[in-house]
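# Results of the structural survey
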Amino acid sequence: MNPESSAEILRILDLMRTLIRILGLSNREIERRAGFSPSYLSRLFGNYLELKYEHVLEISRALGITPREFFELAYPDSGETPTESMKRVRQVLQNMQPSRPVEPPKPVPGLSAEEVERRIQEALRQVFQDLGRTGSTG
């Protein structure tokens, strides 16, 4: 494993340990809430186990915080200049924003919730198909 990856894993593990202490919880309680075997966290924190992404998500939820909140704590806004890739992603996302406000659809009398859901899914499927066609030609 490269040193940068090791440093990031240590960052996540340190944050987990810190949050467990701040919230006054025990490793055993987090293991119970997350459905892990006893001593899982001790083995993880002792570098006897490899950290898995899905376990980060489960541990954050066991802590009573959302995964997004967990990663906001792990990576607060640093004010760093974004990478070129991130600039490109932001530009694409910005270009996807509608140029005018989208009006909410008017209710159609007599449609069931299932029919509304079906129509929404079909519209989304069409949007993604259209995006796939324009993305592959550009």
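Residues numbered from 1 in each chain as written. Predicted model: local features only at pLDDT ≥ 70, side-chain atom pairs only at ≥ 80, totals over all residues. Heavy atoms only, no water.

Our focus in this paragraph is the layout of surface pockets. Empty space within the largest pocket amounts to approximately 350 Å³. Lining the largest pocket are 14 residues, with Tyr75, Pro76, Asp77, Ser78 and Glu80 sitting closest to its centre. Those elements that provide at least two residues to the lining of the largest pocket are α1 (3-22) and α6 (84-96). Class assignment for the residues of the lining of the largest pocket results in 5 nonpolar, 4 polar and 5 charged. (1 Å grid on protein atoms, 1.4 Å probe; cavity = no way out; pocket = protein on both sides within 12 Å on 5 of 7 lines; lining within 4 Å. Points joined across faces, edges and corners; volume = space filled by probe spheres on them. Helix = DSSP H or I, 4+ residues; strand = E, 2+ residues; numbered from the N terminus. Nonpolar A, V, L, I, M, F, W, Y, C, P; charged D, E, K, R; others polar.)

At a minimum axis distance of 8 Å, the contact between helix α4 (residues 53-62) and helix α5 (residues 67-74) shows a crossing angle of 100 degrees. Compared by their axis directions, α4 and α5 come out roughly perpendicular. Contacts between α4 and α5 involve Tyr53, Val56, Leu57, Ser60 and Arg61 from the former and Pro67, Phe70 and Phe71 from the latter. (Axes fitted to C-alpha atoms, helices over the stretch in contact; angles between N-to-C directions. Parallel < 35°, antiparallel > 145°, perpendicular 65-115°, else oblique. Contact = heavy atoms within 4.5 Å.)

What follows concerns the packing of α1 against α5. Packing of α1 against α5 brings their axes to within 10 Å, and their N-to-C directions diverge by 110 degrees. The pairing of α1 with α5 is recorded here as roughly perpendicular in orientation. Viewed along their axes, α1 and α5 form a crossing whose handedness is right-handed. Mapping the contact onto sequence places Arg11, Ile12, Leu15, Met16 and Leu19 in α1 and Phe70, Phe71, Leu73 and Ala74 in α5. In terms of residue class, the contact of α1 with α5 is made up of 8 nonpolar, no polar and 1 charged. (Left-handed = near helix turned anticlockwise from the far one by under 90°.)

Every buried residue of α4 is accounted for by His55, Val56, Leu57, Ile59, Ser60 and Ala62. Looking at the packing, one finds that the buried side of α4 touches α1, α2 (27-34), α3 (40-45) and α5. Looking one or two places after α4, you find Gly64, whose phi comes out positive at around 90 degrees. (Buried < 20%, exposed > 50% of the residue type's maximum accessible area, 1.4 Å probe, protein only.)

Looking now at a nonpolar patch on the surface. There is a patch of nonpolar side chains on the surface, built from Met86, Val89, Val92, Leu93, Met96, Val116, Ile120, Leu124, Val127, Phe128 and Leu131 and spanning about 950 Å² of accessible area. Broken down by secondary-structure element, the contributors of at least two residues to the nonpolar patch are α6 and α7 (113-137). The element that contributes the greatest number of residues to the nonpolar patch is α7, accounting for 6 residues. (Patch = residues over 30% accessible without salt bridge, like charges linked within 9 Å, V, L, I, M, F, W, Y side chains within 5 Å. Areas by Shrake-Rupley, 256 points an atom, 1.4 Å probe, with all protein chains shown as cover. Salt bridge = Lys/Arg side-chain N within 4 Å of Asp/Glu carboxyl O.)

The next thing to look at is the packing of aromatic side chains. In total, this model carries 3 aromatic pairs according to the counting rule given. Pairing Phe36 with Tyr40 gives two aromatic rings, centres 4.4 Å apart and planes at 35 degrees, and the pair type is tilted. Of the two residues, Phe36 and Tyr40, both sit in the buried class. An aromatic cluster is present here, built from Tyr53, Phe70 and Phe71 joined pairwise through their rings. (Phe/Tyr/Trp six-rings, centres within 6.5 Å; stacked < 30°, edge-to-face > 60°.)

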